[in-house]
Amino acid sequence: MNDYPVILAVEDFVPTLLAMYGFWLLASLGKAVPWGRLGALLIGAGGIAKSVWKLLVAAFGVDLPWLEAALFPLMSAGAVLLIWALLPTAPWWPFAAVYAAVTLGAALAGTMKPVFILATAGVTTISVIGAVYAGRRRARLAIALYTLGIVLVTALVPLRNHPDHETLRLQWIEQGTNTAAQLAFLTAAWLTVRAYRRSPSEVPA
């Protein structure tokens, strides 16, 4: 992070805010809108914490590891909450049990990997649920954009594992890919919500 430019750190806020707004929009289709929106805010808070950490390091050389470490705990908690809110007949307790088991297991093992897996699986599941909602209204463009977003996020894995990952060129490619993925997700969420608002009498089931 020593050579991480400030402009790149500032750009890191863009995909975070795009995704948070997309999650916020989707939450309006759930059975428990306030809880779903809380989940959206928690996911966004995790991303914002990581972005603030990058900005502090890049601009001031200030390293606050707890900000970076907040990403996946907040993201996983928010994702679990939003998934529950979007599933009309699902009880809350299995979701709480999964989150508790994962976080306890991570604490006992001394690794964040289980929380990372829950967070990434959770946000991917939200896109899948969004695509199902869109499919019920034949919002084909939204389905395509959810799919595109998942593909682009998946493409980040080889980028992050690339031996030249720390180079400025790869960092810009990675963040550009992430921004494109979250823009696709936000657009898909907006199209999905718009499709339901056209017929407000029909409740998602």
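Coordinates for the structure precede this section.
Throughout what follows, the structure given in this document is the object of discussion. (Residues numbered from 1 in each chain as written. Predicted model: local features only at pLDDT ≥ 70, side-chain atom pairs only at ≥ 80, totals over all residues. Heavy atoms only, no water.)

### A short note on the packing of aromatic side chains
Argument step 1. Tallied over the full model, the rule gives four aromatic pairs.
Argument step 2. Ring plane angle 50 degrees and centroid distance 4.7 Å describe the contact between Phe-23 and Phe-185, whose orientation is recorded as tilted. With Phe-23 in helix H2 (residues 13-27) and Phe-185 in helix H9 (residues 168-197), the pair connects residues that are 162 residues apart, well separated along the chain. For the residue pair Phe-23 and Phe-185, the accessibility class agrees, reading buried in each case.
Argument step 3. Three or more aromatic residues joined by ring pairs make a cluster, and in this case those are Phe-23, Tyr-146 and Phe-185.
Argument step 4. The lysine or arginine in question, Arg-136, covers the ring of Tyr-133, its NZ or CZ lying 5.5 Å from the ring centre.
Argument step 5. Just above the ring of Tyr-196 sits the side chain of Arg-137; from NZ or CZ to the centre is 4.3 Å. (Phe/Tyr/Trp six-rings, centres within 6.5 Å; stacked < 30°, edge-to-face > 60°. Helix = DSSP H or I, 4+ residues; strand = E, 2+ residues; numbered from the N terminus. Buried < 20%, exposed > 50% of the residue type's maximum accessible area, 1.4 Å probe, protein only. Lys NZ or Arg CZ within 6 Å of the ring centre and 35° of its normal.)

### Some words on the nonpolar core
Argument step 1. By size, the foremost hydrophobic cluster in this structure holds 46 residues, and its most contacted members are Phe-23, Ile-126 and Tyr-146.
Argument step 2. Examining the composition of this core, we find that 10 residues originate from one element, helix H5 (residues 71-86), more than from any other.
Argument step 3. For Ile-126, the residues in contact, after removing those within four places along its chain, are Phe-23, Leu-26, Ile-43, Ala-79, Leu-82, Ile-83, Leu-86 and Phe-185.
Argument step 4. Among the nonpolar cores identified, the runner-up in size contains five residues, and Trp-53, Val-57, Leu-67 and Ala-70 belong to it. (Core = buried A, V, L, I, M, F, W, Y, C linked by side-chain atoms within 4.5 Å. Contact = heavy atoms within 4.5 Å.)

### What about the pattern of salt bridges?
Pairs can form between side chains of opposite charge once their charged atoms are near each other.
Argument step 1. Throughout the structure, instances matching the rule amount to two salt bridges.
Argument step 2. The closest approach of N and O atoms between Asp-12 and Lys-54, which form a salt bridge, is 3.2 Å. With a gap of 42 residues between them, Asp-12 in the loop between helix H1 (6-11) and H2 and Lys-54 in helix H3 (residues 33-60) connect regions that are remote in the sequence.
Argument step 3. Owing to a relative accessible area of 12%, Lys-54 belongs among the buried residues under this scheme.
Argument step 4. A salt bridge links Glu-174 to Arg-160; the shortest N-O distance between them is 3.0 Å. Here Arg-160 lies in helix H8 (residues 140-161) and Glu-174 lies in helix H9, a separation of 14 residues in the sequence.
Argument step 5. With relative accessibility at 44%, the residue Arg-160 sits in the partly exposed group. (Salt bridge = Lys/Arg side-chain N within 4 Å of Asp/Glu carboxyl O.)

### Some thoughts on the environment of Ala-97
Argument step 1. Mapped onto the fold, Ala-97 is located in helix H6 (residues 93-109).
Argument step 2. By relative accessible area, which is 42% here, Ala-97 ends up partly exposed.
Argument step 3. Separated by 63 residues in sequence, Ala-97 and Arg-160 have C-alpha atoms that sit 31 Å apart.

### Topic: H6
Argument step 1. The end-to-end C-alpha distance of H6, which contains 17 residues, comes to 24 Å, matching closely the 24 Å that a straight helix rising 1.5 Å per residue would cover.
Argument step 2. For H6, the complete set of buried residues consists of Phe-95, Val-102 and Ala-106. Looking straight down H6, one finds that the buried residues subtend no more than 35 degrees of arc, so they occupy a single side. The outward face of H6, more than 90 degrees from its buried face, is lined by the exposed residues Trp-93, Ala-101, Leu-104, Ala-107 and Leu-108.
Argument step 3. On its buried side, H6 packs onto H5 and helix H7 (113-136).
Argument step 4. Positive phi appears at Gly-110, one or two residues downstream of H6, with a value of about 70 degrees. (Expected span 1.5 Å × (residues − 1). Arc of directions from axis to C-beta.)

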